Structures are given as structure tokens and as C-alpha cells.
Amino acid sequence: MSALQFNSVLLEISNAMSADQLNDMKFLVQQEIGKRNLEKIGSGRELFQLFRERGKLSEDDTAFLSKLLKEIKRQDLSDKLDNFSVQPEPDDGLSEEEKAKLKIATEVIAENLGKSWRKLGRKLGLSESKLESISKRHPTDLEETAVELLKEWRKSRGAEAQTNMLIDALRACQLNMTADKVEDRL
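Counting of residues starts from 1 at the beginning of each chain's written sequence and follows it residue by residue. For a predicted model such as this one, the threshold for reporting local features is a pLDDT of at least 70, and the threshold for listing and counting side-chain atom pairs is 80 or more; totals across whole chains, interfaces and linings nevertheless cover every residue. By convention in this description, side-chain values take in all heavy atoms of the structure and omit both hydrogens and water.

Going by what an unreviewed UniProt entry lists, the protein chain is known as Fas (tnfrsf6)-associated via death domain and is assigned to Neolamprologus brichardi.

So, in C-alpha cells, the structure goes:
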């Protein structure tokens, strides 16, 4: 997501919050941000900017703000933030052949990965906050969670995302049967 798109969604969220909701959110973060700093904040936009300056909010890490929105009973805004960070597959410079292989590998892994998705995500180098964000988007559907995990990995690696990296990561996680199934389908 571009900086402009990210700022746009933050602005939408800020505009949708009432003054009471802003005050509730300020109350929730006063220990982390400091009461004096919060006294100067008059809008959600200003609060989000402070979160960004403090490293609590970025394009790649929206978990903190998402949790706060849920705490003030604005699940709709939390969903807007979480869903907006899901982007379509980028044109990452991969060959058509490699894209086709990754698509097949994604299907096989999603069908077979199950509860080990976090382990694979860590092995692929995704951050804990990104894994938590994926988990919140798909709390009960392990196949969708696995698909989302692999999309995030592809997005983070760009042209470096290769099928053999997935197979190596599966084997490193002792998920040899799934790795074998991927190789068989390819």
C-alpha cells in the first residue's frame, strides 16, 4: 500500500470517530504516550501521527491501532484498517512460469498446512505483528490464513519469491509431507 493510500484510510478512520471515541482511545494509551502529549491532541489524525512518530503505527504494522479501535467498540473501523492492508498481488517481476508454480504451491500448502502456519511464517521471515494481523483477519479458516500468509510473503520478497524457497522452508519446519506434495504437483 502506498503512503498516500495508507494516509487516506487513516483519515477516513479519523473522520468516522466521534469526540467521545477519540477521548476513549486517548485514555487507553495515556500510559504509553503520556498525558501531557495527549492534551494537545484534538483529532484522530493527530493521534495517529503521534502513533507513527512513536513507532506504534506504520503501513506494515497496524495491529496497535486495530486493537485500539476494537477496544472502543469500532470493529467496523478495525476491519477497514485490516482489510485495506490486504492488497492484490503486485506485479513483482516474476516470470509467468514462476507465478504459475507459486500459485500451485499456494493451493497445495493451503490445503495441507493447518495449524503450523505460524511456524512457516516465521521461517519465511514474516514479523510477529504481521502474523498476528493475518490471524485476526482469518481467525477460524486455516486455509484462508495460509493463503494470506503466502500473499504477505510474496509481497515482502517481490521478485525473490521462489517456489524452492517455500519448499525449503516447509522442510525446515519438518513439514516434509506437504513439501513432497508441492513437488509432486509441480
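## Observations concerning the overall build of the protein chain
Of the regular secondary structure elements, the protein chain holds 12 helices and zero strands. A run of H or I in DSSP counts as a helix once it spans at least four residues, and a run of E counts as a strand once it spans at least two, with each numbered from the N terminus. From first element to last, N terminus to C terminus, the protein chain shows the α and β order α-α-α-α-α-α-α-α-α-α-α-α. The dimensions of the protein chain, computed from C-alpha atoms along their principal axes, are 60 × 30 × 25 Å. Throughout this description, buried means an accessible area under 20% of the type-specific maximum (1.4 Å probe, protein chains only), exposed means over 50%, and partly exposed covers the range between. For the protein chain, the proportion of its 186 residues judged to be buried stands at 41%. In the protein chain, the share of contacts with a sequence separation of at least 24, taken over all contacts with a separation of at least 6, comes to 61%. Accessible areas in this description were obtained via Shrake-Rupley with a 1.4 Å probe; residue shielding takes into account the shown protein chains only. For the protein chain, the exposed surface amounts to about 10,200 Å²; the carbon and sulfur share of it is 46%. Here, residues are in contact when the closest pair of their heavy atoms is within 4.5 Å.

## Some thoughts on the packing of aromatic side chains
Ring pairs are drawn from Phe, Tyr and Trp, using the six-membered ring of Trp, whenever the two centres fall within 6.5 Å, and their geometry is named by plane angle: stacked under 30 degrees, edge-to-face over 60, tilted for the rest. This structure, assessed with the given rule, holds two aromatic pairs. Seen from their ring centres, F51 and F64 are 5.1 Å apart, and the 85° between their planes marks the pair as edge-to-face. Of the two residues, F51 sits in helix α4 (residues 44-53) while F64 sits in helix α5 (residues 63-71), which places them 13 residues apart along the sequence. Here F51 falls in the buried class, since its relative accessible area comes to 0%. Any Lys NZ or Arg CZ found within 6 Å of a ring centre and within 35 degrees of that ring's normal is scored as a charge over the ring. In this structure, K56 packs its charged tip against the face of F64, placed 5.3 Å from the ring centre.

## With respect to the UniProt feature "domain: DED" (unreviewed entry) in the protein chain
Within this structure's numbering, the places UniProt gives as "domain: DED" (unreviewed entry) are residues 5-83. Along residues 5-83 the backbone is 76% helical and 0% strand, and the end-to-end C-alpha distance reaches 13 Å. UniProt positions are given in the numbering used here, feature names are shortened, and annotations may be inferred rather than shown by experiment.

## What about the packing of helix α2 (residues 19-33) against α4?
In this analysis an axis means a line fitted to C-alpha atoms, helices contributing only their contacting stretch, and an angle means the value between N-to-C directions, from 0 to 180 degrees. The N-to-C vectors of α2 and α4 enclose an angle of 20°; their axes lie 11 Å apart at closest approach. Viewed along their axes, α2 and α4 adopt a mutual orientation that is roughly parallel. Crossing geometry of α2 relative to α4 is assigned as left-handed. Across from L22, M25, K26, V29 and I33 in α2, the residues of α4 making contact are G44, L47, F48, L50 and F51. Put simply, angles under 35 degrees are roughly parallel, angles over 145 are roughly antiparallel, angles from 65 to 115 are roughly perpendicular, and the rest are oblique. By definition, any crossing whose near helix is turned counterclockwise from its far helix by less than a right angle is left-handed, and any crossing with a clockwise turn is right-handed.

## A word on the domain arrangement of the protein chain
Start and end points for every domain follow an automatic or database-based domain assignment. According to the domain assignment, the protein chain contains domain 1 (3-86) and domain 2 (96-184). Each of domain 1 and domain 2 has a C-alpha centre, and the two are 30 Å apart. Contacts between domain 1 and domain 2 engage nine residues on the former and seven residues on the latter. In this assembly, domain 1 packs against domain 2 so that about 660 Å² is buried in total across both faces, 43% of it on carbon and sulfur atoms. Should a side-chain nitrogen of Lys or Arg be within 4 Å of a carboxyl oxygen of Asp or Glu, the pair is scored as a salt bridge. Between domain 1 and domain 2 we count zero salt bridges in total. Whenever two N or O atoms come within 3.5 Å, that pair is a polar contact, provided that in protein one can donate a hydrogen and the other can accept it, and provided that, for residues adjacent in sequence, both atoms are side-chain atoms. Our enumeration of links across domain 1 and domain 2 arrives at zero residue pairs in polar contact (both at pLDDT 80 or more). If you list the elements that add at least two residues to the side of domain 1 that touches domain 2, you get α5 and α6 (75-84). Sorting elements by how many residues they give to the side of domain 1 that touches domain 2 places α5 first, with three residues. When its residues are assigned to classes, the side of domain 1 that touches domain 2 shows two nonpolar, two polar and five charged. Here the quantity called buried area is the total loss of accessible area, with a 1.4 Å probe, experienced by two parts when brought into contact, counted for both. Note on residue categories: nonpolar means Ala, Val, Leu, Ile, Met, Phe, Trp, Tyr, Cys or Pro, charged means Asp, Glu, Lys or Arg, and polar means any other residue, Gly included.

## Concerning unusual backbone geometry
Even without a glycine there, the phi angle at K73 is positive, about 65°. With respect to the secondary-structure elements, K73 resides in the loop between α5 and α6. Located in the positive-phi region is Q174, a residue other than glycine, with phi close to 65°. One can find Q174 in the loop between α11 (163-172) and α12 (176-185). Classification of Q174 as exposed rests on a relative accessible area of 58%.

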